[in-house]
Amino acid sequence: MTVEKQREVIRLWNELRKLEGPAAEELRIQILECFAKEGKAKRAA
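Since the model is a prediction, treat every value here as computed from it, not as a measurement.

## Some points on the packing of helix α1 (residues 3-17) against helix α2 (residues 22-44)
Next, step 1: Put simply, α1 and α2 touch, their axes get as near as 10 Å, and they point 150 degrees apart. If you check the angle between α1 and α2, you find them roughly antiparallel. Crossing of α1 over α2 shows left-handed handedness. Mapping the contact onto sequence places Val9, Trp13, Leu16 and Arg17 in α1 and Ala24, Leu27, Arg28, Ile31, Leu32 and Phe35 in α2.

This is how it looks when you write it as structure tokens:
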């Protein structure tokens, strides 16, 4: 992931933190799972 994309993800994450409800929680979970998968792939390489 490029630095630009990382900054955009952080910006969106911070906006998402302001939201409440099950939809916002589901999005946070999906984002965290995506980063967990990416981290595992980097460690395996």
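Once you've had a look at it, read on.
## Digging into the pattern of salt bridges
Next, step 1: Within the structure shown, the criterion is met by three salt bridges.
Next, step 2: Glu15 is the partner of Lys18 in a salt bridge, and the nearest nitrogen-oxygen pair spans 3.2 Å.
Next, step 3: Note on Lys18: relative accessible area 59%, which makes it exposed.
Next, step 4: Here Glu15 falls in the partly exposed class, since its relative accessible area comes to 40%.

About the cut-offs
Residues numbered from 1 in each chain as written. Predicted model: local features only at pLDDT ≥ 70, side-chain atom pairs only at ≥ 80, totals over all residues. Heavy atoms only, no water. Axes fitted to C-alpha atoms, helices over the stretch in contact; angles between N-to-C directions. Helix = DSSP H or I, 4+ residues; strand = E, 2+ residues; numbered from the N terminus. Parallel < 35°, antiparallel > 145°, perpendicular 65-115°, else oblique. Left-handed = near helix turned anticlockwise from the far one by under 90°. Contact = heavy atoms within 4.5 Å. Salt bridge = Lys/Arg side-chain N within 4 Å of Asp/Glu carboxyl O. Buried < 20%, exposed > 50% of the residue type's maximum accessible area, 1.4 Å probe, protein only.

Function cannot be inferred from these measures alone, as they are strictly geometric.
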